[in-house]
Amino acid sequence: MILIGQYDSPFVRRVALALTLYDIVYEHRPWSVWADAGRLAELNPLRRVPTLVLADGEVLLESAAILDHLDECVGPGRAMLPRAGSDRRRALRVCALATGLADKAVSLFYEGILHEAPSPDWVERCRAQISDVLTVLELDRGPRGWWLGEAIGHADIAVACAIRFTSEAQFARWCGIAPVAASSGEGHGPARRHRLDLGGNRAVNSILHIIHVTQARCHPPAKKYLARKISENKSKREARRCHKRQLANVIIRHMWHDAERHAQTTTIDHMAAA
Ligand SMILES: N[C@@H](CCC(=O)N[C@@H](CS)C(=O)NCC(=O)O)C(=O)O
């Protein structure tokens, strides 16, 4: 089984997590929907990811259809969706809200990087949709634990992937390291290229640049990462952009972790004072 698409896509990530939790062995091809649009189109005319190629060559499209197949593979006993009734309806509703949120976040991201002047109406609409969905999800979720029942389910994964993408993409734009389209090559033509985003917070961007330069010189995992990007046909500048994006993801995850630890400490302090 081959999963096509990069893990920074909330939809690809969702499928990858389900494959992992179901202990299904798969190969991963981190193709870009832009740079690899040509070979992606040969499998999926929509040129979208996730795309899943089964062992017999059959190609599955759309994360929901892919997950439906994976659930069928592991059987109802292991499927991460309640079998029937109101729990199933609730889980599907949460998944619909989360994937809808992810759709809007992806759309907002593209709006920002593809147009010199993003449409304020569209941006405002997407932001309102994202914000309202987050409010509804916050009200729906229980105080702790999994969304439904005793174990992780598709609802938990869908929400986690959507929120992760939304925050990381926003942080990347803020740091000025989101990709910005630099050529219009598509389909079977030349690969689309991206240039560095010249907007965003230049001070933060320059810190990321210094980290990149230092790691590219003497940090083996970074050297390996950059070599892989070059082997994937990326130019040196594109590889640098990808690395800076990866660094931003590391930083924001540390910030989340610190915020969570701080929240826990504050709760414990409050309890101790009570
Ligand atoms: N509804 C689709 C959405 C997938 C999707 O939007 N994928 C994005 C990457 S995050 C993509 O392929 N974008 C390229 C495009 O739509 O042209 C699914 O659930 O699989």
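Fair warning: this is a prediction, and the values are worked out from it, not measured in the lab. (Residues numbered from 1 in each chain as written. Predicted model: local features only at pLDDT ≥ 70, side-chain atom pairs only at ≥ 80, totals over all residues.)

Draft legend 1. Geometry of the site of the ligand. Lining the immediate environment of the ligand, one finds S9, F11, V33, R47, R48, V49, P50, E62, S63, A64, T99 and V106. The set of elements that each furnish at least two residues to the shell around the ligand consists of α3 (63-74) and α4 (85-114). Looking at the shell around the ligand, its residues break down into six nonpolar, three polar and three charged. (Near = placed C-beta within 6 Å. Helix = DSSP H or I, 4+ residues; strand = E, 2+ residues; numbered from the N terminus. Nonpolar A, V, L, I, M, F, W, Y, C, P; charged D, E, K, R; others polar.)

Draft legend 2. Up close: the packing of α4 against helix α6 (residues 154-175). Interaxial distance between α4 and α6 falls to 8 Å at its minimum, and their mutual angle equals 15 degrees. With respect to α6, the axis of α4 lies roughly parallel. Of the two possible hands of crossing, α4 and α6 adopt the one that is left-handed. Listed contacts from α6 to A91, V94, C95, A98, T99, L101, A102, A105, F109 and G112 of α4 are H154, A155, A158, V159, C161, A162, F165, T166, A169 and R173. In terms of residue class, the contact of α4 with α6 is made up of 15 nonpolar, four polar and one charged. (Axes fitted to C-alpha atoms, helices over the stretch in contact; angles between N-to-C directions. Parallel < 35°, antiparallel > 145°, perpendicular 65-115°, else oblique. Left-handed = near helix turned anticlockwise from the far one by under 90°. Contact = placed C-beta atoms within 7 Å.)

Draft legend 3. Seen up close, the sheet that holds strand β4 (residues 59-61). Strands sit in the order β2-β1-β3-β4 across an open sheet of four strands; the sheet is mixed. Each of the sheet's edge strands pairs with one partner strand only, and the pair in question is β2 (27-29) and β4. This sheet shows a mean twist of 20 degrees between the axes of neighbouring strands, independent of strand direction. Both strand β1 (residues 2-4) and strand β3 (residues 51-53) contribute to a ladder of three bridges, which runs antiparallel. Looking across to β3, one finds that I4 is bridged to T51. (Pairing = 2+ DSSP bridges.)

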